[in-house]
Amino acid sequence: MSSSSESESNPSTSPRRLHSHSPTPKSSTLFRDSGSGSAQESSSLSRFSSPKRSSLGEKNHPRTRRKVVRFWRRRRVKVILGVLGLVGLFLLTDWWMLSRLHDAGRGVKRRSSIVKSSLVSVQGGVKKFNKGKRPQIHSRMLALAAHALADGQNKPEPKGLWDEPVVPASVWRPCADQRKWEPSEGNNGYILVTANGGINQQRVAVCNAVVIARFLNATLVVPKFLYSSVWRDASQFGDIYQEEHFLNYLAPDIRMVKELPMELQSLDLEAIGSVVTDVDIMKESKLSFYWKNILPILLQKRVVHFVGFGNRLAFDPIPFELQRLRCRCNFHALRFIPKIQETGALLLKRMRQNARRSGPLDHYLVGPFVESTMKGNKNRSAKSSRYLALHLRFEIDMVAHSLCNFGGGGEEMQELEAYREIHFPALTHLKKTTKLPSPEELRADGQCPLTPEETALMLVALGFNRKTHLFLAGSQIYGGRSRLAALTTLYPNLVTKESLLSSSEIQPFMNFTSQEYPSPIRELNPKDWPDRWENLSIFKYHNILWNKCEIVSLLTPREAGRPQTTHTLYNFHFGPSLEHQVALFQVALFRCSPVLNESTNDNYPNPIRESNLKDRPDRWKNFSSLSTTPQSLVESMWDLLAALDFIACTAADAFAITDSGSQFSSLISGYRIYYGGGRLPTIRPNKRRLASIFLKNSSIEWSMFEKRVRKAVRQTKMIHRRPISRSVYRNPRCKECMCMKG
């Protein structure tokens, strides 16, 4: 009775008792007063003793079941709503993409039309190229390049395309103008230099002569340039460089005069043994050679005349200050005359169009005309044009001498072989008597010059877009315009100095030699023009030289079947062809110049002259048919045209070369390193690596081609010091020419 009342009075204990499976033992009277506490203790003990039973009971409780049902219903609804939302988002995205594709249809059509027009243009160039029966090479890759240019016209150019690795390059600064010696007295005698070759070879010869004059303590006479039948250029030092600046700038280093003293001008230098030619001096001779062999002649005869003097001084070993003098001459003492500077500034202005400031090299190249490169640019909001200068070394002499094939078939091979027989007889003889590498082996080894087609593919792969402005140095490309068809089609903004300048602006620099009278060195065989050569009466003059100078016939056959020469000055071998006789005629002019000047035949001119032929027109009158064109022959100024190319290429935002062995490219890249401050990149492709890539032109994909070309060129942009025995004109990063900051 009491227990039931207790259970009713304490409802908290009733559920526990109902759920218990065993009867509750009767409580002792001792524990009656604490009945509620004992109930709680038993409840807690039951929890610890049977947890599984307790949880099972809770799950089976109606309230719990209802909660679980509601939870799963809500979760199912959320999943369904989420799926419906995802489906709706997918449909919405699909609709948006379809609408975008529809809106972009016109842009795709425009791009496809550009690609189509580019391909049509390339095919048109191919047709023009094929008119001469020359098969087009790399046609598949050129089509892919046209696609790449069209697709990437609105894309940004690759990073670093117009830059050098600035940090390592900018730490070098010019310092060849610093001197740490006293002026030379020059009392050991006089040095004359008559340099051969073009403007680049002449520049190197002049600076080497300056070093030799200082080393031998001699006085240097202002250099003269040998008339070259190859370049057809009669310009002299003062026609190209500022003579007074040259004399004054190097006055603290060496003693120089404009002419020999009067008592020495009458000497027959060859007769007294003072003439030294390239045959007498080994290429890149050391200073010890000049000390042992040239100084005794200088002390005894008082004058030494170097004829040719091409690359006849080694770069190492050489004392520090003499090497610095070499750099000082090349980078500081040689400045172009004002006329060249003015025209060069005009070229830069038209290439840069909207430039609002001058380039980093303009001051050194065009001097006082630097401001004119920015005049007339009124549109300040317009973006200035960057331009790429390209030296495409693909003239016929380079092509013929390489012994490579360039896709022209049998006709091309015959044409180049005929050229080699005339201009490179030694190479022709070597080819007949010695087994030389095949054209395929030469190409795989990177010995072949890059063709215009390969150059265009390289530029496209590097990332230069179709709008890039290109300046092409020189214009005597083998194959002419048809050979340039692919390059000009892919890059329509390609120009030359001839296309940028008007006829009146370029008139003072042009070669006015009449086409009626072929040059002794010419693409066409002079054998085809016998009547024109007869009109020159060149052999009449030829016989005068032979009789007056007592030069014996040089056409006596040798045992080996080759003609021999008894000419001791040059020791050349000349064949019986007309071209060889003309070449000998040029040599004889120099050898016999003292005899001619003193003979009764003084009316015949001497191209190696002591004074300007323009001042003696009467001498040309008796030169038979040439009396109508004497001034044109004298005013052949290829070196002046090369000077304009030098300015335009050196000042370019980027400069690309196709032949690292070219002296023109070497001088320009060195100038850009010296004054560029690490901001003027030069692209020097590794021809061996590129050759391995071009060999796969029939199967390689454009993306892989692009990747491999960029890697091959990127490796050549590495900044490094000048290696031992390498040219300081090409890489002046050495302690003698440049100093490191900090």
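Counting restarts for each chain, with residues numbered from 1 along the sequence as it is written. Given that the model is predicted, a residue must reach a pLDDT of at least 70 before its local features are reported, and side-chain atom pairs must reach 80 or more before they are shown or counted; all residues, however, enter totals for whole chains, interfaces and linings. For the side-chain quantities, the full set of heavy atoms in the structure was used; hydrogens and water were omitted.

A.B. asks: Which parts of the structure should I look at to understand the state of the cysteines?
C.D. replies: What makes a disulfide is a covalent bond joining the sulfur atoms belonging to two cysteines. Here, two cysteine sulfur atoms that lie within 2.5 Å of each other are counted as a disulfide. Throughout the structure, instances matching the rule amount to three disulfides. Disulfide partner of Cys175: Cys739, at an S-S distance of 2.1 Å. Around the S-S axis, the bridge from Cys175 to Cys739 shows a dihedral of about 95° and counts as right-handed. On the criterion of sequence distance, the pair formed by Cys175 in the loop between strand E1 (172-174) and strand E2 (190-195) and Cys739 in strand E13 (residues 738-740) is long-range, its members being 564 residues apart. You can call Cys175 buried: its relative accessible area is 0%. Under the DSSP-based scheme used, a helix requires at least four consecutive residues in state H or I and a strand at least two consecutive residues in state E, with every element numbered from the N terminus. To sort residues, take the accessible area from a 1.4 Å probe on protein chains only and compare it with the maximum for the residue type: under 20% means buried, over 50% means exposed, and anything in between is partly exposed.

A.B. asks: So what exactly am I meant to see when it comes to a positive patch on the surface here?
C.D. replies: Positive charge collects at one region of the surface, where Arg63, Arg65, Arg66, Lys67, Arg70, Arg74 and Lys78 lie side by side. Within the secondary structure, Lys78 sits in helix H5 (residues 62-103). What makes a patch is a set of residues exposed beyond 30% relative accessible area and free of salt bridges, joined within 9 Å when like-charged and within 5 Å when nonpolar (Val, Leu, Ile, Met, Phe, Trp, Tyr). Only the protein chains shown count as cover for residues, and all accessible areas are computed by the Shrake-Rupley method using a 1.4 Å probe. Here, a salt bridge means any Lys or Arg side-chain nitrogen found within 4 Å of an Asp or Glu carboxyl oxygen. Asp and Glu count as negative and Lys and Arg as positive, but His and the ends of the chain are not part of the count. Lys charges are placed at NZ, Arg charges at CZ, Asp charges at CG and Glu charges at CD.

A.B. asks: Honestly, helix H21 (residues 452-462) in this entry has me stumped. Any pointers?
C.D. replies: For an α-helix the count is 3.6 residues per turn, leaving residues at separations of three or four pointing the same way. With respect to burial, H21 is a largely interior element, eleven of its eleven residues being buried. Listed in full, the buried residues belonging to H21 are Pro452, Glu453, Glu454, Thr455, Ala456, Leu457, Met458, Leu459, Val460, Ala461 and Leu462. Just past H21, the residue Gly463 takes up positive phi, approximately 115°.

A.B. asks: What's the story with the pairing of E2 in this structure? I'm lost.
C.D. replies: Working note: regular strand, side chains alternate between the two faces of the sheet. In terms of residue burial, E2 counts as a mostly covered element, since six of its six residues are buried. Alternating positions in E2 separate into two faces, Tyr190, Leu192 and Thr194 on one and Ile191, Val193 and Ala195 on the other, with burial throughout. Note: E2 against strand E3 (residues 219-221), two bridges, orientation parallel. Looking across to E3, one finds that Ile191 is bridged to Leu220. Whether a crossover is right-handed comes down to one check: with the strands pointing away from the viewer, does the path from the first strand over the helix to the second run clockwise; if it does, it is right-handed. Of the crossover connections in this fold, the one passing from E2 over helix H9 (residues 199-215) to the parallel E3 is right-handed. The pairing criterion for strands is at least two bridges between them, as found by DSSP. Here E2 runs beside strand E7 (residues 303-308); their pairing, made up of six bridges, is parallel. Following the sheet pairing, Leu192 is matched in E7 by His305.

A.B. asks: Just checking my understanding: could you explain the pairing of strand E9 (residues 469-473) for this structure?
C.D. replies: Among the five residues that make up E9, five are buried, leaving the element largely enclosed by the rest of the structure. Neither face of E9 is left uncovered, since the one carrying His469, Phe471 and Ala473 and the one carrying Leu470 and Leu472 both have all their residues buried. Here five bridges tie strand E8 (residues 387-391) to E9, and the two strands are oriented parallel to one another. Pairing of His391 across the sheet is with Ala473, part of E9. Bridging between E9 and strand E10 (residues 494-495) involves two bridges; their strand directions are parallel.

A.B. asks: Explanation requested: the sheet that holds strand E11 (residues 654-657) in the structure shown.
C.D. replies: With parallel pairing, five strands are arranged side by side in an open sheet as E10-E9-E8-E11-E12. With partners counted over all chains shown, the strands left at the sheet margins are E10 and strand E12 (682-683), one partner each. Contacts from helix H33 (residues 663-676) reach E8, E9, E11 and E12 within the one sheet, and its direction differs from that of E11 by about 155°. Throughout, a residue-residue contact means that at least one pair of heavy atoms, one from each residue, lies within 4.5 Å. To obtain each axis, a line is fitted to C-alpha atoms, and for helices this fit is confined to the stretch in contact; angles are then taken between N-to-C directions over 0 to 180 degrees.

A.B. asks: Would you explain the packing of aromatic side chains in this entry?
C.D. replies: We describe a pair of aromatic rings using the distance from one ring centre to the other and the angle between the two ring planes. Between the rings of Phe, Tyr and Trp (Trp by its six-membered ring), a pair exists once the centres lie within 6.5 Å; its type follows the angle of the planes, with under 30 degrees stacked, over 60 edge-to-face, and the other angles tilted. Overall, the coordinates contain 23 aromatic pairs when judged by the stated rule. Taking the centre distance of 6.2 Å and the plane angle of 70° together, the rings of Tyr290 and Phe306 count as edge-to-face. With Tyr290 in helix H13 (residues 287-301) and Phe306 in strand E7, this pair connects stretches of sequence that are 16 residues apart. As far as the burial class goes, Tyr290 and Phe306 line up, both buried. Relative to Tyr675, the ring of Tyr364 has its centre 3.7 Å away and its plane inclined at 20°; by these criteria the two rings are stacked. In this pair, Tyr364 sits in helix H16 (residues 362-366) while Tyr675 sits in helix H33, placing the two residues 311 residues apart along the sequence.

A.B. asks: How do you make sense of the environment of Phe225 when you look at a structure like this?
C.D. replies: Relative to the helices and strands, Phe225 is located in strand E4 (residues 224-225). Counting along the chain gives 23 residues from Phe225 to Gln202, while the straight-line C-alpha distance between them is 7.2 Å. Residues within four places of Phe225 in sequence aside, it is in contact with Thr194, Ala195, Gln202, Val206, Ser235, Gln236, Phe237, Ile240 and Tyr241.

A.B. asks: Mind showing me how you'd approach the pattern of salt bridges here?
C.D. replies: Charged atoms that come close allow side chains of opposite charge to pair. On inspection of all chains with the given rule, the structure shows 24 salt bridges. Note that Arg483 and Glu412 form a salt bridge whose closest N and O atoms lie 3.9 Å from each other. Remark: Glu412 occurs in helix H18 (residues 409-423) and Arg483 occurs in helix H22 (residues 480-483); sequence separation between them is 71 residues. Accessibility expressed as a relative area gives 2% for Glu412, which makes it buried. Several salt bridges converge on common partners, so that one network encompasses Arg179, Asp253 and Arg328.

A.B. asks: I'm lost on the nonpolar core in this one. Help?
C.D. replies: Side chains that are nonpolar tend, in soluble globular proteins, to be buried together. Residues belong to a common nonpolar core when they are buried Ala, Val, Leu, Ile, Met, Phe, Trp, Tyr or Cys residues joined through side-chain atoms within 4.5 Å. Ile191, Phe246, Phe306 and Ile340 are the most contacted members of the largest nonpolar core, which has 95 residues in total. Here the element with the most residues in this core is H9; it accounts for ten residues. Not counting the four nearest positions on each side in its chain, Ile340 is found in contact with Asp239, Ile240, Phe509, Leu640, Ala643, Leu644 and Ile647. Counting residues in each nonpolar core, the second largest holds 53 residues, with Leu403, Val460, Leu472 and Phe705 among its members.

A.B. asks: Could you clarify how one ought to interpret a nonpolar patch on the surface in this entry?
C.D. replies: Side chains of Val79, Val83, Val87, Phe90 and Leu91 sit close together on the surface and give an oily, nonpolar patch of about 490 Å² of accessible area. Among the secondary structure elements, Val87 is positioned in helix H5.

A.B. asks: Can you help me understand the environment of Ala456 in this one?
C.D. replies: Here Ala456 shows up in helix H21. Taking the C-alpha atoms as reference points, Ala456 and Leu490, 34 residues apart in sequence, are found 7.3 Å from one another. Apart from the residues within four sequence positions on either side, Ala456 is in contact with Leu487, Leu490 and Tyr491.

A.B. asks: Before we go on, may I ask you to explain the packing of H9 against helix H14 (residues 320-333) in this structure?
C.D. replies: The geometry of a pair of packed helices is captured by two quantities: the angle between their axes and the separation between those axes. At a closest axis distance of 9 Å, the pairing of H9 and H14 adopts a crossing angle of 140°. Considering their axes alone, H9 and H14 lie oblique with respect to each other. Where H9 crosses over H14, the two elements pack in a sense that is right-handed. Taking contact as the criterion, the partners of Arg203, Val206, Cys207, Asn208, Val210, Val211, Arg214 and Phe215 in H9 are, on H14, Leu322, Leu325, Arg326, Cys329 and Asn330. Roughly parallel refers to an angle under 35 degrees, roughly antiparallel to one over 145, roughly perpendicular to one between 65 and 115, and oblique to any angle outside these ranges. Handedness of each helix crossing follows the sense of rotation of the near helix against the far helix: counterclockwise by less than a right angle gives left-handed, clockwise gives right-handed.

A.B. asks: I'm lost on the side chain of Glu164 in this one. Help?
C.D. replies: Mapped onto the elements, Glu164 comes out in the loop between helix H7 (139-151) and helix H8 (166-170). On the basis of relative accessibility, which here comes to 13%, the residue Glu164 falls in the buried class. Once you skip the residues sitting within four places of it in the chain, Glu164 turns out to touch Ala169, Gly678, Arg679, Leu680, Pro681, Ile719 and Arg733.

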